[in-house]
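Residue strings, one per chain:
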4 protein chains.
Amino acid sequence: MGRKSNTEERRMQIVNALLRVMTKKGYEGATIQAIAAEAGLTPGLIHYHFKAKREILLALVEYVVSIGETRYRMLSVDAQTPQQQLRAFVDARLALGKGADPEAVKAWVLIGAEAVRVDDVRELYCEAIAMQMKELAQLLWNIAGDRLAAEDIRKLAAMVLATMEGAYQLAVTNPDSMPKNFAAEMVMETIVKACGGEFSTAKPAPPGRRRKGDAR
Amino acid sequence: MGRKSNTEERRMQIVNALLRVMTKKGYEGATIQAIAAEAGLTPGLIHYHFKAKREILLALVEYVVSIGETRYRMLSVDAQTPQQQLRAFVDARLALGKGADPEAVKAWVLIGAEAVRVDDVRELYCEAIAMQMKELAQLLWNIAGDRLAAEDIRKLAAMVLATMEGAYQLAVTNPDSMPKNFAAEMVMETIVKACGGEFSTAKPAPPGRRRKGDAR
Amino acid sequence: MGRKSNTEERRMQIVNALLRVMTKKGYEGATIQAIAAEAGLTPGLIHYHFKAKREILLALVEYVVSIGETRYRMLSVDAQTPQQQLRAFVDARLALGKGADPEAVKAWVLIGAEAVRVDDVRELYCEAIAMQMKELAQLLWNIAGDRLAAEDIRKLAAMVLATMEGAYQLAVTNPDSMPKNFAAEMVMETIVKACGGEFSTAKPAPPGRRRKGDAR
Amino acid sequence: MGRKSNTEERRMQIVNALLRVMTKKGYEGATIQAIAAEAGLTPGLIHYHFKAKREILLALVEYVVSIGETRYRMLSVDAQTPQQQLRAFVDARLALGKGADPEAVKAWVLIGAEAVRVDDVRELYCEAIAMQMKELAQLLWNIAGDRLAAEDIRKLAAMVLATMEGAYQLAVTNPDSMPKNFAAEMVMETIVKACGGEFSTAKPAPPGRRRKGDAR
DNA sequence: GATGAATGAGGTTTCATTCAT
DNA sequence: TATGAATGAAACCTCATTCAT
């Protein structure tokens, strides 16, 4: 009896539509009409699944955060040494290649701007940053915990995160005038030097091979 | 005949009002009426001095850019060595201290987001970034031109600019959870290491004393 | 085959929900969704039992009217003299005590306002008023038919009804600043004086005793 | 320099439009569009002069209250005895004749219904009722202060006010089936009887004649 | 230069009602 | 009977811009 709920699919559909519209028109410019059109739905239905426009944005923040986390998890599956994990962390956020999603990067920059003045958004944004800070500090600790003071690790992690956020900004506004893929490269180099410079930054063996017979 | 033109004052008044309102409500939320109220003017008068709202934003971009440039000029007045000039460059953009204007930083982050999708804004934004890129590369060349390839200098400069932009973003969204003043410190350290690590990053002697009767 | 119809329960459930929601949000503010929520049902089901929202209102009018009639019948069960019946009539509508339902009074006032401009509602409202007018005039006739002209009885009845309607209005808007229970008291007194002032207004013997073995 | 404000006229225009539209469609049905059309203005302009629709309603409440007060003041200009003043009070509110405004009466009934659940409206409504209560009690005191206890005067006043409010309700919903002008007549009679029945309820001499050269 | 009324397009949101399940 | 998604009209309100004064 009754009808099966499709709310989750619809919500994802709508969130994705917001992402695409936002990159073209910004959050304010992403009208409910435009989102609905992009999603192939009606405006009324948008409000059936989201109480207010702001809530779609919050869902989008979580979604974009999850994209980065997912990419990190995928890239670190085959990372065995701390160094390889660090490389996965940096690549997940900065390397272009497969899985990089320029639309999502644009959206993240716009979200960062909303976070400046919208409490709800800032909360989620800061949460995501804090999570990355923790992860990164842990990775750095694994690598250079014996050589660097905790405070220095925190500062290094903060700088790396700042560089990442700024690299997004420059990438989406100056797509042509920045050196290609400078960010991932320079960040790794910086970390290596800050940590004492002795470890290899080679990527882990490509995961393709291992996947054979690997349930995952 | 008649009144002396006060257009320039009025325009500055309005641009400043936009800056303050934007940090609270964003650009779209900064309505002409709100800007007028903040400036103590009337909506009609805003349009007498600016043909359209967008033009106020463009004027604001130029204004915020000029704040940074001015600060750099002031800090570099007493810089004699290339190293001191670099230090001034970094401090102008990242050090807190005197002249740092948190509202302007917020505005800059918001401007960066507008630059993602608004052509006029992006043009000015990129111009400003390109200018800094050029200045910074020149400084780095002066310091380490003999040791680093041009391409490496460009990458280093790009990374430093990215770190700056990202540091703004984190500073205005995570004012409390970032290590205090990590950005200026870490950026200098990174540059030093990248350049070979042999130069002093000491600030130039404070200008106060020397200025007296010192023509230089 | 199959399910036993629960239409009547459901309708009553819905009407009651409208009553409660209306007192908080008014008729227009009582959305189908709100009524459904209050009733613990779904919006779709509301329209299964009532073709349109307006029909719930009409059902509510009849229900609230019936509350008053029921209360009158209960209070007049033990009334033997015309005077006692009159007393029951007034108490049924104005006395606080047992069975008085402040929510229903609020709803009645709101219904009165709808009756001002909605034909269907006005029809039921006027019917109810006309019915009370007739009952009241009959009671007055029984009491003072020999002393008062028919026209005077009608006027007296009209005034009493007006006082009742107004008392509801004042009771629900000025719950604290009106003298306690002034309405029932003053109305009885007014009627007595208008009728010549010779009859007792004592309540009939309390029904409590009779209830034993009384099916009702 | 600048433009002369016409806000007060416009507001009155809008309030009057709400009054007229409300009597046809109720408050919720009185859409901004409809009000604007009735006033011959544009919807945008409505919101230029009133921040929100609700504020028009509040202004209307004050306006309708003032109609009653004005009518009372006009009718009592020539009232010399307390009895004549009382008569003016009752006639101002209940007599049909010149100056009676059926639209305003309808509006008042609708306002009463809003007062049931909207705090702002209730506040103004109760204020108006309290004011009348005070005035009426004073008049009754002047007439029968020596014969009635203060508490009885309050109850009598409350009943009179209730009768008035209810008479409005019945008048606008049962325009044909109520005895003509029963309310003013019966209320005066009731008061007279309650006060001991010795005073004349004659109207004061019509004001037209006396005004001539009569400084008073 | 300056004011403040006025406009009109367009935004978000609400909601009675319908309908597939 | 019952559910809950879906619709589309319409509501309130905002706001950049224009214009008479």
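Residues numbered from 1 in each chain as written. Chains lettered and ligands numbered in written order. Predicted model: local features only at pLDDT ≥ 70, side-chain atom pairs only at ≥ 80, totals over all residues. Heavy atoms only, no water.

Attention now moves to the protein's contact with DNA strand F. Among the 37 residues in the neighbourhood of DNA strand F, the closest are listed as R10(A), T42(A), Y48(A), I32(B) and S5(C). Protein-proximal atoms of DNA strand F, defined as those within 4 Å of the protein, fall in sugar or phosphate at a share of 71%. At 3.0 Å, a side-chain N or O of H47(D) approaches a phosphate oxygen of DNA strand F. Only α1 (7-29) and α3 (43-49) of chain A, α2 (32-39) of chain B together with α1 (7-29) and α3 (43-49) of chain C provide two or more residues apiece to the surface near DNA strand F. Grouping the amino acids of the surface near DNA strand F by side-chain chemistry returns 10 nonpolar, 19 polar and 8 charged. (Near = heavy atom within 4 Å. Polar contact = N/O pair within 3.5 Å; in protein donor to acceptor, adjacent residues only side chain to side chain. Helix = DSSP H or I, 4+ residues; strand = E, 2+ residues; numbered from the N terminus. Nonpolar A, V, L, I, M, F, W, Y, C, P; charged D, E, K, R; others polar.)

Contact with chain C, which involves 46 residues of that partner, is made by 46 residues of chain D. When the two sides are added together, the surface that chain C and chain D hide from each other amounts to roughly 3,600 Å², 71% of it contributed by carbon and sulfur. The largest per-residue losses of area from chain C upon contact with chain D belong to V116(C), R117(C) and K155(C), which jointly make up 16% of the total buried on that side. Connecting chain C to chain D are 2 salt bridges. The salt bridge partner of K155(D) is E185(C), with a shortest N-O separation of 2.7 Å. On the surface where chain C and chain D come into contact, there are 9 residue pairs in polar contact (both at pLDDT 80 or more). (Contact = heavy atoms within 4.5 Å. Buried area = accessible area lost by both parts, 1.4 Å probe. Salt bridge = Lys/Arg side-chain N within 4 Å of Asp/Glu carboxyl O.)

In this section: helix α9 (residues 182-195) of chain D. Given a rise of 1.5 Å per residue, 14 residues ought to cover 20 Å, and the 20 Å separating the end C-alpha atoms of α9(D) matches this to within 8%. The element α9(D) is extensively covered by neighbouring structure, given that 11 of its 14 residues are classed as buried. Among the residues making up α9(D), those that are buried are F182(D), A183(D), A184(D), M186(D), V187(D), M188(D), T190(D), I191(D), V192(D), A194(D) and C195(D). Of the surrounding elements, those touching the buried residues of α9(D) are α8 (150-173) and α9 (182-195) of chain C together with α5 (82-94), α7 (119-144) and α8 (150-173) of chain D. Where α9(D) terminates, the next one or two residues include G196(D), which has phi positive at roughly 115 degrees. (Expected span 1.5 Å × (residues − 1). Buried < 20%, exposed > 50% of the residue type's maximum accessible area, 1.4 Å probe, protein only.)

This structure, assessed with the given rule, holds 34 salt bridges over all chains. For R20(B), the salt bridge identified is with E38(B), shortest N-O distance 2.8 Å. Of this pair, R20(B) sits in helix α1 (residues 7-29) while E38(B) sits in helix α2, and the two are 18 residues apart along the sequence. R147(B) serves as the salt-bridge partner of D146(B), at 3.4 Å between the closest nitrogen and oxygen. D146(B) gets classed as exposed once you look at its relative accessible area, which sits at 65%. Beyond isolated ion pairs, a larger network of salt bridges with shared partners links R20(A), K24(A) and E38(A).

With that settled, consider the relation of the copies chain C and chain D. For the pair of chain copies, the relating operation is a rotation around an axis with a shift along it. The operation relating chain C to chain D is a screw motion whose rotation component is 179 degrees, with 0.1 Å of axial translation and a residual RMSD of 0.2 Å. As the rotation angle and translation indicate, the two copies are arranged about a two-fold axis. Here 100% of the contact residues of chain C are again contact residues in chain D; the copies associate through an equivalent surface. (Least-squares fit on C-alpha atoms with pLDDT ≥ 70 in both.)

Take the protein's contact with DNA strand E next. Surveying the vicinity of DNA strand E reveals 37 residues, the closest of which are S5(B), I32(C), R10(D), T42(D) and Y48(D). In DNA strand E, atoms within 4 Å of the protein come from the sugar-phosphate backbone in 71% of cases. I32(C) places a polar main-chain atom, nitrogen or oxygen, 2.5 Å from a phosphate oxygen of DNA strand E. Sorting the residues of the surface near DNA strand E by element identifies α1 and α3 (43-49) of chain B, α2 (32-39) of chain C together with α1 (7-29) and α3 (43-49) of chain D as the ones contributing at least two each. Its residues assigned to classes, the surface near DNA strand E comprises 10 nonpolar, 19 polar and 8 charged.

A word on the UniProt feature "domain: HTH tetR-type" (unreviewed entry) in chain A. Cross-referencing UniProt, the feature "domain: HTH tetR-type" (unreviewed entry) maps to residues 8-68 of chain A in the present numbering. A distance of 21 Å separates the end C-alpha atoms of residues 8-68 of chain A, which is 87% helix and 0% strand. (UniProt positions renumbered as here; feature names shortened; annotations may be inferred.)

All right, on to the domain arrangement of chain A then. Residue and element names in this part refer to chain A. Taken domain by domain, chain A comprises domain 1 (7-51) and domain 2 (59-197). Just the C-alpha atoms count here: the centres of domain 1 and domain 2 sit 28 Å apart. With 12 residues of domain 1 in contact, the opposing surface of domain 2 contributes 10 residues. Roughly 930 Å² of surface becomes buried between domain 1 and domain 2 when both sides are summed, with 78% attributable to carbon and sulfur atoms. (Domains from an automatic or database assignment.)

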